[in-house]
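Spelled out from the first residue to the last, the chains are:
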Amino acid sequence: MSNDGQNRDFDSLLRRIWGEVRKKHFYPELARPQADDQLDDSVALEIKSKRIAVNRAFLDEMSRNLPMETVLEALLDHGVTHYTYCPWDFHTHLQLYQEAKRILGDKDMAQKSSDYFMDVVADTHCYKTKDTPLPELYRNLGGGELDQVMQALYQRIWGEDLGAGAEHEEVSRKLSRVPYLDRGSWVESINRFSKIIQVLLEAERDSGELDKPNPMGQSDFSRYSSEELSEGLKEFAMSSGEPGRFREVVGDFEEELSDLGLMSSSGMGEGAGSPLDADLLYYMKLAENYSIPVRKTPLEKSGDQYPYGHTPWEAGKPYRDIDPWTSFGKIMPGVTQIWERREGETHGEEESTPNCIVMIDSSGSMVNPKQYLSYAVLGAACASDAYLRNSASVGVYNFSDVEAGGRRLLDFSRKRRDIYESLCHYFGGGTRLDMTDIETFRDEKGSDVFLITDMQITNLETLIEYLSSMPNRITAVHIGENEHVRRFKTRLQKRSNLSIYSIQKKEDIPRIVLGKVREYLGRV
Amino acid sequence: MHNPFCDFQSYQYKQSREIPLDRIIQSKRKTMEEIIEGYLKLSEKEVKEMVWLVEHSRIVKAYSAAMETVKNLDYDSDDIEEFCHELDKGGKIPYLISGPAGIYVSALCNNAKEPELHLKLFELKRTFHFLGYRLPEGKSLVLEGSVGDFIGTGLSGGRLVVEGSAGNWTGAGMVKGEIVVREHTGQNTGEWMKGGVIRVGGHIRGIGKSLSGGTIYQRERTVFPDEKDAGSASTSGPTTA
């Protein structure tokens, strides 16, 4: 048969088997698989951007011992179960890798361990819950010593004769005690799994076989969509607890993540951009978990009535207020809309969010954001994001001992990377502000001010005086409680344009309301 | 357009099958529950007086009670290692007293069917005392990670290897056998030692008193009996090596 004919036959076989596999797995949202001739001969499949690619050469090789339908169905079952059960999402994948790396201390060994672990979980789940020819595939798969160990493990935990010899009985017995199907203990399970296969991985490393691919495919990050990657990093930043742990994992995959557009300042899907430090990415992704509201600038008062919004027209209501543009030229209850007018308020000056000057203390009494999770940087990052989301710009004044050169100023900008770079910079040393620095930020519309510090500022009195005279909306956030905080509160808490918040833990951040003005004390 | 839900008109939901893994995990959980229950009973007895003092009679009593409990259990070295991790996590075990916990683990090791036991303890946040207590002849116990005080106390012919550091009173009162500590040991190493060998790869903070036999090596060098005591091997005051 000609090549074209063979390809047509294979395509129709793939379509038929894929239909059966999709039904079996309750129609997962995956693109139709395709054949790939470019894959390494020893690799059965690859998943990229939610599409399974099966290796034709591998299929042909396996078809000598098994019907091609069987091999294809088993491979698709395997690929789909990775998507529907384990790792399920990018966050879980990173968590499993992180734990394996913690035990094995080596990127390649950790990657291999997490790959095999996810294979065991996915295939065991598939074997337990579906009718699958996976045992037949594993009976004929072959591979290195680790693959033989996995074969012995499957034989033991599935109760099928897969032809595994007795030489790996001890290690497979130990591996069989891991509760693979208990999703809640996967991290604990991969810990145990990695410890057991550590000797085998070290032997592979010593013999130079560690980079030999897993025949059932390597779980690289290209299998996830860009949204899944972004969401996964966001969750991983939250669960990592501190920048060092995030940096260790993300740093290992810097190249892969850069290729996928994740380690760039321009954001997802906008090309590689300039490389982004893992610490900046940590605070960026962590800040995405919190949403702080910003009060918009209030409407101006006026004596006239102005159209404010639309309400449905009802029979009996005057026709003069009908808005023909939103009523489709019809006068009909439920379709026709009339203008609702509000007395005393106008759209002359539209509701908007002013720009914000973020003042962040990075003196020695504050936490170094690259070593530990800094609530100051996280709080300032959340505030900056809130203003950026509302189409405003953010200026940063990062200060420690200004007289000794400990300051960094960023003029109003909407570039997230520049803002985060300024926020994450750590000076250490003393704390002394220069008020004239803040003056350089002032704009006509009266920008908001966000101050985050532990208040242990040498010239705190000068700052208090300065803030007292400021008409702008000020949000002051203090980290911890001390004498200086009490002094600051006593002097400024009655000002209507100034709100004071305390952050003792991450959970305090969402309580912040930016640009809050207490109306009952009169407008400023 | 084809409505995929039509496919399910004739669909039979497939109950997930029971596989050997389910039985293995179930049996493992049951064993762990029994081991934990045994430990809780022992610690309830031991905790009555609030303070757990290291007294010879008390240790002997606790060990006898532990042996009585574990002799009816069916477990292996993996169960012992997992029990150590459970002790460390403290989720299922409300209180941990390092002494009785170590004695209980020693009883588990001494009663295990396997002649060679290998426990990976390097990840534990706490250290247990009395590991390797009375390790009998024919048994070999390898402890990965650093361990607490009184390691290999009363060793009775077994081989105990610590792939890390051991605390004070290592090999106290050991009768015969061998203790190998890859890194350092604390004060009173080999106190009341009657026989056997202690090999320390790093520093020995201090040799114990009243040693009546046995040999202590530090990095291939004999530190007990030292040259002046050689031949008598009776008593020696605390020394710093």
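The shown structure was predicted, so the numbers you read here are calculated from the model rather than taken from an experiment.

**Q** I'm lost on the domain arrangement of chain A in this one. Help?
**A** Quite often, the size of an interface is put as the accessible area lost when its parts meet. Residue and element names in this part refer to chain A. For chain A, the assigned domains read domain 1 (1-224), domain 2 (226-287), domain 3 (301-345) and domain 4 (356-521). Distance between the C-alpha centres of domain 1 and domain 2: 27 Å. Between domain 1 and domain 2, the residue contacts involve 13 residues of the former and 12 residues of the latter. Of all the elements, helix α4 (residues 90-104) adds the most residues to the side of domain 1 that touches domain 2, at seven residues. Residues of the side of domain 1 that touches domain 2, tallied by class, amount to five nonpolar, four polar and four charged.

**Q** Even after reading the chapter, I still don't get the environment of Cys356(A), so can you show me in this structure?
**A** All names here are of chain A. For Cys356, the location among the structural elements is in strand β6 (residues 356-361). The class of Cys356 is buried, set by 29 C-beta atoms lying within 10 Å. A C-alpha to C-alpha distance of 36 Å links Cys356 and Asp89, two positions 267 residues apart in sequence. When sequence neighbours within four positions are dropped, the list of residues in contact with Cys356 reads Ala383, Tyr387, Ala392, Val394, Ser447, Asp448 and Phe450.

**Q** So what exactly am I meant to see when it comes to the nonpolar core here?
**A** If you look at the biggest cluster of nonpolar residues, it comprises 132 residues, and the most contacted ones within it are Tyr283(A), Val358(A), Leu378(A), Ala380(A), Ala383(A) and Phe450(A). Setting aside its immediate chain neighbours within four residues, Ala383(A) contacts Ile292(A), Cys356(A), Val358(A), Phe450(A) and Leu514(A). Counting 49 residues, the second-largest nonpolar core is a separate cluster that includes Ile35(B), Cys84(B), Val105(B) and Ile216(B).

**Q** So what exactly am I meant to see when it comes to the packing of α4(A) against helix α5 (residues 107-129) of chain A here?
**A** In helix packing, the relevant descriptors are the interaxial angle and the interaxial distance, both defined with respect to the helix axes. Residues and elements named next belong to chain A. One can describe the packing of α4 onto α5 by two numbers: an axis separation of 8 Å at closest approach and a directional angle of 130°. Our classification of the angle between α4 and α5 gives oblique. In the crossing of α4 with α5, the sense of the turn from one axis to the other is right-handed. Seen from α4, the contacting residues are Leu96, Tyr97, Ala100, Lys101 and Leu104; seen from α5, they are Lys107, Met109, Ala110, Gln111, Ser113, Ser114, Phe117 and Met118. The class makeup of the residues in the contact of α4 with α5 is eight nonpolar, three polar and two charged.

About the criteria used
- Residue indices begin from 1 for each chain and proceed along its sequence in written order.
- Whichever chain is written first becomes A and whichever ligand is written first becomes 1, with later ones labelled in order.
- This being a predicted model, a pLDDT of at least 70 is required before a residue's local features are given, and a value of 80 or more before pairs of side-chain atoms are given or counted; all residues contribute to the totals for chains, interfaces and linings.
- Residue ranges assigned to each domain were obtained from an automatic or database domain assignment.
- The contact rule is simple: place each C-beta atom from the backbone, and if two of them lie within 7 Å, those residues are in contact.
- Helix numbering and strand numbering both begin at the N terminus, where a helix is a DSSP run of H or I of at least 4 residues and a strand a DSSP run of E of at least 2.
- Classes in brief: Ala, Val, Leu, Ile, Met, Phe, Trp, Tyr, Cys and Pro nonpolar; Asp, Glu, Lys and Arg charged; the others, Gly included, polar.
- The burial label depends on the number of other C-beta atoms within 10 Å of a residue's C-beta. Counts of 20 or more mean buried, 12 or fewer mean exposed, and intermediate counts mean partly exposed, with C-beta atoms placed from the backbone.
- A set of buried Ala, Val, Leu, Ile, Met, Phe, Trp, Tyr and Cys residues, joined to one another through C-beta atoms within 7 Å, is what we call a nonpolar core.
- For every element, the axis is a line fit to its C-alpha atoms; helices are fit only across the contacting stretch, and the angle between N-to-C directions ranges from 0 to 180 degrees.
- Orientation is classified from the angle alone, with under 35 degrees giving roughly parallel, over 145 giving roughly antiparallel, 65 to 115 giving roughly perpendicular, and any other angle giving oblique.
- It is the rotation of the near helix from the far one that decides the hand of a crossing: anticlockwise by less than a right angle makes it left-handed, clockwise makes it right-handed.

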